[in-house]
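A closer look at the structure
Chain by chain, the residues:
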Amino acid sequence: MRTSDRKHSFVRALSFLVSCLVPLVFGCGSDAGSQAESQLGLILLADDARGEGPLGLDPILDGLASADPEVQQVAGRALGRLENPELVPQIARLLDSHHAGVRLEAVNALGQAVFRADGDEVAVLLQAHLTHETSPAVRGTIGRTLGRMRYQDAEFLRAAEESLFEMITEAEGTPSTEELLGGAMGLEWLTRRNRGYAIQESTRDRLASLSGLHPSTSGMEEETGNRLRRVSLMALSASGNIPDPVMAGALEDPDPDVRRIALAHLARNPAPRGALAAAEAAIADPSPRVRTQALATFGALASGSHRCRVILDATQDQDPMTAVTAIDLLQNPCPNPTGQIRVL
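Residues numbered from 1 in each chain as written. Predicted model: local features only at pLDDT ≥ 70, side-chain atom pairs only at ≥ 80, totals over all residues. Heavy atoms only, no water.

Structural notes on the overall build of the protein
Along the backbone of the protein there are 20 helices and zero strands. A burial count over the protein gives 48% of its 344 residues as buried. A separation of at least 24 residues holds for 59% of the contacts in the protein among residues at least 6 apart in sequence. Just so you have it, the protein exposes about 17200 Å², and 53% of that area is on carbon and sulfur atoms. (Helix = DSSP H or I, 4+ residues; strand = E, 2+ residues; numbered from the N terminus. Buried < 20%, exposed > 50% of the residue type's maximum accessible area, 1.4 Å probe, protein only. Contact = heavy atoms within 4.5 Å. Areas by Shrake-Rupley, 256 points an atom, 1.4 Å probe, with all protein chains shown as cover.)

See the structure below:
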C-alpha cells in the first residue's frame with residue numbers, strides 16, 4: 001500500500017473512532033450532528049499536535065470549508081494559534097461568512113497569525129473589511145486587533161490610528177457599545193506597543209472625552225462605562241499625557257480602577273501640579289487597591305521626614321497588601337529611624 005493510501009486510511013479510521021467515542025454523550029451515527037462532532041474531534045487532535053501530527057493540517061483546512069459555523073470557528077481559531085503568517089489567506093476566507101461569529105473568530109485568528117510578524121498587510125485587509133462589516137461585535141474585535149498589530153511602516157501605523165479614531169467617533173450614540181470599547185482598547189494597545197509614537201490631537205481629545213463618559217449621561221451599563229473610561233485613560237497614559245482636567249476627574253471617578261490608573265500615571269509622570277498632594281490624599285481612599293497604588297505613588301514622589309511619617313502610618317492599614325506596600329517602602333533610611341526600626 002502506498003504511503004498516501006495508508007495516510008488516508010488512517011484518517012478515515014481515526015475519524016470513525018472519534019465519531020464513536022463521542023456517543024458516550026451524543027450517540028454514534030451518520031447524522032449531521034455526529035459528523036460535526038467527528039470533524040471537531042479531528043480538528044482538535046490536529047490543533048493539539050500543532051499541525052505536525054499524522055493528520056497534518058488537513059482536518060483544520062477541511063473545517064474551514066464546513067457548512068457548520070461552529071466547525072468553521074474552531075478551525076479558524078486553530079489556524080490562528082499556529083502563529084503562521086503563511087496561513088493568512090486561508091483564514092481570510094472566513095471573513096466572507098454569513099455568520100458574525102465566524103467572522104469574529106477570523107479577525108482574532110488573523111491577528112494571532114501575525115503575532116510575531118509584520119502585521120501591515122493584515123491591517124490593510126481588516127481595514128478594507130471594516131468598510132462593509134455590519135456587526136458591532138466584529139467591528140469592535142477589528143478595533144482591538146488593529147491595536148495589537150506589529151507595524152513595520154509608520155504609514156500603516158497612522159492608518160490604523162485613523163481607523164480606530166473613526167470607530168470611536170462614529171460609534172457614539174449607537175445602541176451598541178462594542179465599537180466604542182473595541183476602538184478604545186485598540187488605541188490603548190497601539191500606544192502602549194509603539195512607545196514614542198505620537199497620536200494625533202484629535203485622537204487624544206476623543207480619548208479624553210471618553211475618559212469622562214459616565215453611564216448616567218451615556219445610557220451605558222455601569223460596568224461597560226467603567227471599562228471604557230479605564231481603557232481610554234490607559235491609552236492617554238500610554239501616550240505620555242493625561243490632560244489636567246481629565247486627571248482631576250479621574251482622581252474623583254466613582255470607579256476605583258479609574259482612580260488607581262490615574263495614580264499609577266502620576267508615579268510615572270509627576271509633572272502635573274499637585275501630584276504629590278493627590279497621591280497623599282488618596283492614601284485615605286475607601287478602596288484598598290486604590291490606597292495601595294496611592295501609597296506606591298506617594299513613595300515614588302515624596303522625600304524626607306514627611307514621607308516617612310505618612311508611610312509609617314500606612315503600615316497600620318487594615319488591608320494586608322497596603323500595609324505590606326508601606327513596609328516595603330521603608331527600606332530606605334528615615335531621618336529619624338526610631339519608628340522605622342520599630343516597624344521593621
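From this point, the narrative continues.
Examining the pattern of salt bridges
If the charged atoms of two oppositely charged side chains come close together, the side chains can form a pair. As enumerated under the stated definition, the model contains 13 salt bridges in all. Linking Asp317 and Arg291 is a salt bridge whose minimum nitrogen-to-oxygen distance equals 2.9 Å. Here Arg291 lies in helix H17 (residues 288-301) and Asp317 lies in the loop between helix H18 (304-314) and helix H19 (320-329), a separation of 26 residues in the sequence. Overall, the relative accessible area of 13% leaves Arg291 in the buried class. Here the residues in one salt-bridge network are Glu223, Arg230 and Asp255, joined through shared partners. (Salt bridge = Lys/Arg side-chain N within 4 Å of Asp/Glu carboxyl O.)

A few points about the side chain of Glu161
By the secondary structure assignment, Glu161 is in helix H9 (residues 154-170). A distance of 2.9 Å separates the side chain of Glu161 from the backbone nitrogen of Gln200, its partner in a polar contact. (Polar contact = N/O pair within 3.5 Å; in protein donor to acceptor, adjacent residues only side chain to side chain.)

Remarks on the environment of Ser135
On the secondary structure map, Ser135 appears in the loop between helix H7 (120-130) and helix H8 (136-147). Judged by its relative accessible area of 11%, Ser135 is buried. In the structure, Ser135 is positioned 34 residues away from Gly101 in sequence and 9.5 Å away in space, judged by C-alpha atoms.

A word on the nonpolar core
The biggest cluster of nonpolar side chains holds 84 residues, and the ones touching the most others in it are Ile91, Leu110, Leu126, Leu228 and Leu233. Here Leu228 is in contact with Leu180, Leu181, Ala184, Leu210, Leu213 and Met220, once residues within four sequence places are set aside. (Core = buried A, V, L, I, M, F, W, Y, C linked by side-chain atoms within 4.5 Å.)

A word on the packing of H17 against H19
Relative to each other, H17 and H19 sit at 10°, their axes nearing to 9 Å. As judged from the angle between their axes, H17 and H19 are roughly parallel. Taking contact as the criterion, the partners of Pro288, Arg291, Thr292, Leu295, Ala296 and Gly299 in H17 are, on H19, Met321, Thr322, Thr325, Ala326 and Leu329. Class assignment of the residues belonging to the contact of H17 with H19 gives a composition of six nonpolar, four polar and one charged. (Axes fitted to C-alpha atoms, helices over the stretch in contact; angles between N-to-C directions. Parallel < 35°, antiparallel > 145°, perpendicular 65-115°, else oblique. Nonpolar A, V, L, I, M, F, W, Y, C, P; charged D, E, K, R; others polar.)

Topic: unusual backbone geometry
Even without a glycine there, the phi angle at Glu83 is positive, about 50°. As for its placement among the helices and strands, Glu83 is situated in the loop between helix H4 (69-81) and helix H5 (88-92). On the basis of relative accessibility, which here comes to 25%, the residue Glu83 falls in the partly exposed class.

Notes on the packing of helix H14 (residues 244-251) against helix H15 (residues 256-268)
Orientation of H14 relative to H15, taken along the N-to-C sense of each, is 130°, at an axis distance of 8 Å. As far as their axial angle goes, H15 and H14 are oblique. The handedness of the crossing between H14 and H15 comes out as left-handed. Only Val258, Arg259, Ala262, Leu263, His265 and Leu266 of H15 make contact with H14, whose side of the interface consists of Met247, Ala250 and Leu251. Of the residues in the contact of H14 with H15, the class split is seven nonpolar, one polar and one charged. (Left-handed = near helix turned anticlockwise from the far one by under 90°.)

As for the environment of Ala160
If you trace the backbone, Ala160 turns up in helix H9. Measuring from C-alpha to C-alpha, the distance between Ala160 and Gln127 comes to 7.9 Å, with 33 residues separating the pair along the chain.

Section: the side chain of Ser232
With respect to the element layout, Ser232 can be found in helix H13 (residues 222-238). Given a relative accessible area of 0%, Ser232 falls into the buried group. Setting aside anything within four residues of it in sequence, one finds Ser232 in contact with Ala184, Leu207, Leu210 and Ser211.

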